Amino acid sequence: MHRQRCVIILATILITGLPVLAGQDAATPAGTQPAPSESSSTRKSKHGHADELVIRGTVFNDRGLALPGVKLRIRRSDQKKSRWETYTNSRGEFAVRVPKGPDYEIAAESKGFAKQSQAINGQSEENVVLHMQPAGGGKK
């Protein structure tokens, strides 16, 4: 049985040029998925992205270099508590999806830097650029 399966897998690789993943049926090429069941294809998603806003941006340090690992909190301007939180990636970039509507405020904080905040229009996509300054006026 095992030997027969190996032969089928090798034949599939040679004929189609596509690798077959372990535990996958040789008749289904790698990277493809079986067709969804009828019940899942007729079901509509509850949430669409049409009513959402993407806030993306980059955080830099005082020397203009990208700053990774900065904690970002996003809240609606009329509320005190933050509802969304993320961190910048290795290139100092971030992206957060929020509902369209009211204005937002984004606050950035990182060890050794003063907190930074910026108002954001809640109706249109916005590219935010934040420049963090060293805490206490000293150099980092």
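The text that follows walks through the structure, step by step, so that each part is easy to find. (Residues numbered from 1 in each chain as written. Predicted model: local features only at pLDDT ≥ 70, side-chain atom pairs only at ≥ 80, totals over all residues. Heavy atoms only, no water.)

### Thoughts on the overall build of the protein
Keep this limit in mind: Strands are runs of DSSP state E lasting at least two residues, helices are runs of H or I lasting at least four, and both sets are numbered from the N terminus onward. Buried residues are those whose accessible area, probed at 1.4 Å on protein chains only, stays under 20% of the maximum for their type, while exposed residues exceed 50% and partly exposed ones sit between those limits. Whether two residues touch is decided by their heavy atoms; if any such pair falls within 4.5 Å, the residues are in contact. Only the protein chains shown count as cover for residues, and the accessible areas themselves come from Shrake-Rupley with a 1.4 Å probe.
For the protein, the count of helices and strands is two helices and seven strands. For the protein, the sequential pattern of α-helices and β-strands runs α-α-β-β-β-β-β-β-β. The buried share of the protein, taken over its 140 residues, is 26%. Across the protein, the fraction of contacts at a sequence separation of at least 24, relative to all contacts at a separation of at least 6, is 46%. Only carbon and sulfur atoms are counted for the fraction: they give 53% of the accessible area of the protein, which is about 10000 Å².

### Overview of the sheet that holds strand S6 (residues 116-120)
In plain terms, the rule: Here a strand pair is declared whenever DSSP counts at least two bridges between the two strands. Simply put, an axis is a line fit to the C-alpha atoms, just over the touching stretch for a helix, and the angle between two N-to-C directions goes from 0 to 180 degrees.
An order of S3-S2-S5-S6 is seen for the four strands of this open sheet, with the pairing classed as antiparallel. Looking along the sheet, the strands with just one partner apiece sit at the ends: strand S3 (84-87) and S6. For this sheet, the mean inter-axis angle between neighbouring strands, taken without regard to orientation, is 20°. Pairing analysis gives five bridges linking strand S5 (residues 104-109) to S6, with the strands arranged antiparallel. Bridge pairing in S6 places Tyr104 opposite Ile120.

### Some details on the side chain of Arg75
The line we're drawing: A 3.5 Å cut-off defines polar contacts: any pair of N or O atoms within that distance qualifies, except that in protein one atom must be a possible hydrogen donor and the other a possible acceptor, and neighbouring residues in sequence count only when both atoms are side-chain atoms.
If you trace the backbone, Arg75 turns up in strand S2 (residues 71-76). Residue class for Arg75 comes out buried when judged on its relative accessible area of 18%. Of the polar contacts made by the side chain of Arg75, one reaches the backbone oxygen of Gln79; its length is 2.4 Å. When near neighbours in sequence (up to four residues on either side) are disregarded, Arg75 contacts Lys80, Lys81, Ser82, Arg83, Tyr104 and Glu105.

### Some remarks on the pattern of salt bridges
To keep it simple, the criterion reads: Whenever Lys or Arg places a side-chain nitrogen within 4 Å of a carboxyl oxygen from Asp or Glu, that contact is recorded as a salt bridge.
Under the counting rule described, the total for this entry stands at seven salt bridges. In this structure, Lys71 engages Glu85 in a salt bridge whose closest nitrogen and oxygen atoms are separated by 3.9 Å. With Lys71 in strand S2 and Glu85 in strand S3, the pair connects residues that are 14 residues apart, well separated along the chain. A salt bridge links Glu85 to Arg73, with the nearest nitrogen and oxygen atoms 3.6 Å apart. With a gap of 12 residues between them, Glu85 in strand S3 and Arg73 in strand S2 connect regions that are remote in the sequence. Classification of Glu85 by relative accessible area gives partly exposed; the value is 46%. The partly exposed category is assigned to Arg73, whose relative accessible area is 30%. If you follow the salt bridges from partner to partner, you end up with Lys71, Arg73 and Glu85 in one network.

### Comments concerning the environment of Met132
With respect to the helices and strands, Met132 occurs in the segment after strand S7 (126-131). When its relative accessible area of 0% is taken as the criterion, Met132 is described as buried. In this structure the C-alpha to C-alpha distance between Met132 and Glu109, which are 23 residues apart in sequence, comes to 8.3 Å. The residues contacting Met132, other than those within four sequence positions of it, are Val59, Phe60, Asn61, Asp62, Leu67, Ala108, Glu109, Ser110, Phe113, Ala114 and Gln116.

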